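Topology and contacts: notes
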Amino acid sequence: MAYVRPRPKTPTEPQLGQWREVWDVQYRRDGGPSGDESFPGWIDSYTGAHHPEQHMRAWLDATVARVRRLSPRRVVDVGAGSGLLMRDLRAGVEHYLAVDISPAALVAAEVTAAALGKPGADVDFLEGDALILRELPAASADLVLLNSVAQYFPDSRYLTQVLDEAVRVVGPRGAVFVGDVRDVRLLPMFHADVQVQRSPRLTTAADLSATVGRLVRSEEELCLAPAYFTLFATRHDGFTARVECRAESPWTEMSRFRWDVTLLGPAHPAVRPCHSQPKAVDWQESRRPAPEALDALLDTARAGCGVRVTDAPNSRLVRPEAALRLLTQARPTDTVWEIARSLWTVGTDHAVDPADLHALGRAKGLDVRVEPARSGRLNCLDVTLG
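Residues numbered from 1 in each chain as written. Predicted model: local features only at pLDDT ≥ 70, side-chain atom pairs only at ≥ 80, totals over all residues. Heavy atoms only, no water.

Once that is clear, we can look at the overall build of the protein. A tally of helices and strands in the protein yields 13 helices and eleven strands. In the protein, which comprises 386 residues, the share counted as buried stands at 52%. Across the protein, every contact between residues at least 6 apart in sequence was considered, and the portion connecting residues at least 24 apart equals 75%. Accessible area of the protein: about 17,500 Å², with a carbon and sulfur share of 53%. (Helix = DSSP H or I, 4+ residues; strand = E, 2+ residues; numbered from the N terminus. Buried < 20%, exposed > 50% of the residue type's maximum accessible area, 1.4 Å probe, protein only. Contact = heavy atoms within 4.5 Å. Areas by Shrake-Rupley, 256 points an atom, 1.4 Å probe, with all protein chains shown as cover.)

In structure tokens form, the structure reads like this:
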């Protein structure tokens, strides 16, 4: 254990101060300095209730597994909260710096670390917003974590400043993990699907459409497109951006409408040279049902760079895409009941689930990367097998 230090105010203090107050209240009320695992503030948009603990545990386990692939030794966890990631990652690293804007969160994180005892990494605690990274030496860590915090940043300019500092802190052999990023392109699908499920059955399509439009326009959290990170990486010599879809089994709003980004330095061990491009296969041209197409692709995947499948339909977005389409096509006087009834007939047999892709890859001894489709098809995936 080390220290908790207040951070001087920054130019973004008005916006960040609001989040500090929100999270202080949440951690004092729901998290508490008990050292117990908790998920304060995680409300299911579809039900208005807290996400079930088993869903949150699956979300956390999937995040930890993705971070562990990076084999970090010196970690800076920005937005560490009560220490949920630290709980699972601490045993495998040498040093862990937990940073959070909320004093109450850091108190809970310190209790969590004390309850874990030894062995484990040396853990330090630092109170401040994400730009406190400016005070850390270059290449002083090999991983900066920004998990489920980017959506609370005031704007993309602030995020860019934070990522610039994070890249400097990890250096060419490090990585920056930005987890649980909300996709701005999927907001209409998301809100349409939620409102079809939650609205009174006799609500008209005209009223529902107006509600969805208002929710999209009034979104307060920072939502981004994959292209933001691709463009950011080009500004830093040799860095690459890997945007990967979530793959935990429960179909929650986190695993359907969000993704993770890993910014990899040019000398990071996870960057493996490949002297030939993966064989490209267009899913749309395969003309096969999903299971048969998957079997054929796995048989085709070779050692080395493998196979890259483009525009595979994403089963997790079949219903949201259909909800938005049906709402757009509905007559103004149609009701939510009629839209919901039409959704009953929407099937997913033609589509693939990222969780199934990863399971098949493990069974065949193949690495699998599932990304939002580069073609821009919002309900599709690109899959690399190799």
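Taken as a whole, this structure holds 24 salt bridges when the rule is applied. The partner of D164 in a salt bridge is R235, with the nearest N and O atoms 3.3 Å apart. Remark: R235 occurs in the loop between α8 (226-234) and β6 (240-245) and D164 occurs in helix α5 (residues 156-170); sequence separation between them is 71 residues. One salt bridge in this structure joins R369 and E371, with 3.8 Å as the shortest N-O distance. Take R369: its relative accessible area is 24%, and that puts it in the partly exposed class. Salt bridges linked by common partners bring R308, R369, E371, R374 and D382 together as one network. (Salt bridge = Lys/Arg side-chain N within 4 Å of Asp/Glu carboxyl O.)

Looking at the protein, the pLDDT average stands at 87 and 83% of residues meet or exceed 70. Under a pLDDT of 50 for its full length, residues 1-9 has, in the predicted model, 26 contacts with residues more than four places off or in other chains. In the predicted structure, residues 31-36 sits below a pLDDT of 50 and forms 13 contacts with residues beyond four places in sequence or in another chain. (pLDDT = per-residue confidence, 0-100.)

Before going further, it helps to examine helix α13 (residues 354-364). Every buried residue belonging to α13 is among P354, A355, L357, H358 and G361, and all of these are buried. The buried residues of α13 all sit within an arc of 160 degrees when viewed along its axis, so they share a single face. Seen from the open side of α13, the exposed residues pointing more than 90 degrees away from its buried face are A363 and K364. For α13, the N-terminal cap is D353; the gap from its side-chain oxygen to the backbone nitrogen of A355 is 3.0 Å. Of the residues one or two after α13, G365 is the one with positive phi, at around 70 degrees. (Arc of directions from axis to C-beta. Polar contact = N/O pair within 3.5 Å; in protein donor to acceptor, adjacent residues only side chain to side chain.)

Taken together, the seven strands give an open sheet; going across it, the order is β3-β2-β1-β4-β5-β7-β6, and neighbouring strands pair in mixed fashion. Two strands close off the open sheet at either side, each with one partner strand: β3 (122-127) and β6. In this sheet, adjacent strand axes meet at a mean angle of 15 degrees when their direction is disregarded. Across five bridges, the pairing between strand β4 (residues 143-147) and strand β5 (residues 175-182) is parallel. Paired with L145 across the strands is F177, a residue of β5. Relative to β3, helix α4 (residues 103-116) is tilted by about 170 degrees, and along the sheet it contacts β2 (95-100) and β3. (Pairing = 2+ DSSP bridges. Axes fitted to C-alpha atoms, helices over the stretch in contact; angles between N-to-C directions.)

A few words on empty space enclosed by the protein. On inspection of all chains with the given rule, the structure shows five cavities of 30 Å³ or more. Computed from the structure, the second largest cavity encloses a volume of approximately 130 Å³. Lining the second largest cavity are 20 residues, and of these L186, C245, R256, N314 and L317 sit closest to its centre. Among the secondary structure elements, those contributing two or more residues to the lining of the second largest cavity are α9 (253-257), β7 (258-264) and β11 (380-385). Of all the elements, α9 adds the most residues to the lining of the second largest cavity, at three residues. For the lining of the second largest cavity, the residue count by class is eleven nonpolar, two polar and seven charged. (1 Å grid on protein atoms, 1.4 Å probe; cavity = no way out; pocket = protein on both sides within 12 Å on 5 of 7 lines; lining within 4 Å. Points joined across faces, edges and corners; volume = space filled by probe spheres on them. Nonpolar A, V, L, I, M, F, W, Y, C, P; charged D, E, K, R; others polar.)

Further remarks concern the sheet that holds β11. Strand order across the open sheet formed by four strands is β8-β9-β11-β10, with mixed pairing between neighbours. Each edge of the open sheet is held by one strand with a lone partner, namely β8 (279-282) and β10 (368-372). Averaged over all pairs of adjacent strands, the angle between their axes in this sheet comes to 20 degrees, without regard to strand direction. Relative to β11, β10 runs antiparallel, the two sharing five bridges. Following the sheet pairing, V370 is matched in β11 by V383. Its contacts with the sheet put α13 on β10 and β11, and the angle it makes with β10 is roughly 160 degrees.

Let's shift gears to the nonpolar core. Counting 38 residues, the largest nonpolar core has V144, L146, L163, V176 and F229 as its most contacted members. Mapped by element, the contributors of at least two residues to this core are β1 (74-78), β2, β4, α5, β5, α8 and β7. In this view, L146 contacts V78, F153, V162, L163, V176, F177, V178 and G179; residues no more than four positions away in its chain are not counted. Among the nonpolar cores identified, the runner-up in size contains 29 residues, and W42, L84, L106 and L145 belong to it. (Core = buried A, V, L, I, M, F, W, Y, C linked by side-chain atoms within 4.5 Å.)

A few words on the packing of α5 against α8. The description of two packed helices rests on the angle between their axes and on the distance between the axes. Following both chains from N to C, one finds α5 and α8 inclined at 45 degrees, their axes separated by 12 Å at the closest point. The angle between α5 and α8 places the two elements in the oblique class. The crossing of α5 and α8 is right-handed. Contact residues: S156, L159, T160, L163, D164 and V167 in α5; Y228, F229 and F232 in α8. (Parallel < 35°, antiparallel > 145°, perpendicular 65-115°, else oblique. Left-handed = near helix turned anticlockwise from the far one by under 90°.)

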